[in-house]
Amino acid sequence: MPQARVFISCGQRPEARETEVAAAVATALADEGFSPYVAVGQQTLQGLKENIFEKIEEAEYFIFIDFCREQIVGLAPPNNHRGSVFVQQELAVAAYLGTESMIFQETGICAREGILAAIQGNPINFRNRANLAAEVVNEAKRRGWASDWQNSLVVVAPASRRETHRIRPACPWRTKFRQTDARTLRSRLHSKLCDPQS
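Criteria and thresholds
- Residues numbered from 1 in each chain as written.
- Predicted model: local features only at pLDDT ≥ 70, side-chain atom pairs only at ≥ 80, totals over all residues.
- Heavy atoms only, no water.
- Phe/Tyr/Trp six-rings, centres within 6.5 Å; stacked < 30°, edge-to-face > 60°.
- Helix = DSSP H or I, 4+ residues; strand = E, 2+ residues; numbered from the N terminus.
- Buried < 20%, exposed > 50% of the residue type's maximum accessible area, 1.4 Å probe, protein only.
- Pairing = 2+ DSSP bridges.
- Right-handed = clockwise from strand over helix to strand, strands pointing away.

> Where do I start with the packing of aromatic side chains in this structure?
For the structure on display, the rule yields 6 aromatic pairs. Summarising the aromatic geometry, the rings of F7 and F62 are spaced 5.7 Å apart at their centres and angled 5° between planes, so their arrangement reads as stacked. Of this pair, F7 sits in strand β1 (residues 5–10) while F62 sits in strand β3 (residues 61–66), and the two are 55 residues apart along the sequence. Across this residue pair, the class does not change: F7 and F62 are buried. With a centroid separation of 6.1 Å and 85° between ring planes, the pair formed by F67 and F126 is classed as edge-to-face.

Okay, here's the thing in structure tokens:
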């Protein structure tokens with residue numbers, strides 16, 4: 001059975017235990033049947049291409065977790081901290097691809113800065129990092145995120161020839177595809193090509 005892939009984008013500061021929070025979110029999502037991916041320690045362009053951009057493109061869902069960074073001088077509390085810059089860039093890629101996203105932002109960060117302002121994202125604020133994994137799972141359930149599908153087309157040959165082929169649809173026009181018989185698919189495609197009115 002296919003598992004929906006979830007790209008988890010978040011800060012990576014080990015001294016702030018951000019990687020532990022990300023691992024807890026990934027474990028909670030895996031327990032719900034999802035296939036989570038947390039990008040950790042990608043420092044080269046090749047690593048970015050193969051492990052970040054490719055994984056964002058493959059993902060059915062995207063989770064943005066913005067942790068508090070340094071205080072911005074000249075801004076009054078309470079929202080006077082910047083968020084993580086790199087996760088903003090990952091969010092921009094996910095937004096371009098049209099990936100369904102959830103946005104979580106730690107309390108204290110300037111509201112709607114960076115790409116969040118451009119896409120008019122409505123972040124879910126959180127205070128307690130220890131409760132974030134449960135909050136993510138609850139929000140995924142509230143939104144109806146399904147763990148039993150992938151954004152790919154699976155063509156199954158008739159029983160005499162059991163071969164499975166995966167065809168990835170072009171982004172950003174993402175569609176949920178279900179399994180279908182190769183003969184049925186071929187006849188539907190043929191009718192569409194031969195009779196554009198159908």
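> What's the story with the pairing of strand β2 (residues 35–38) in this structure? I'm lost.
Looking down a regular strand, the side chains alternate between one sheet face and the other. Across 4 bridges, β1 lies against β2 in parallel orientation. Note that in β2 the partner of R5 across the bridge is S35. Read as a crossover between parallel neighbours, the route from β1 over helix α1 (residues 18–31) to β2 is right-handed.

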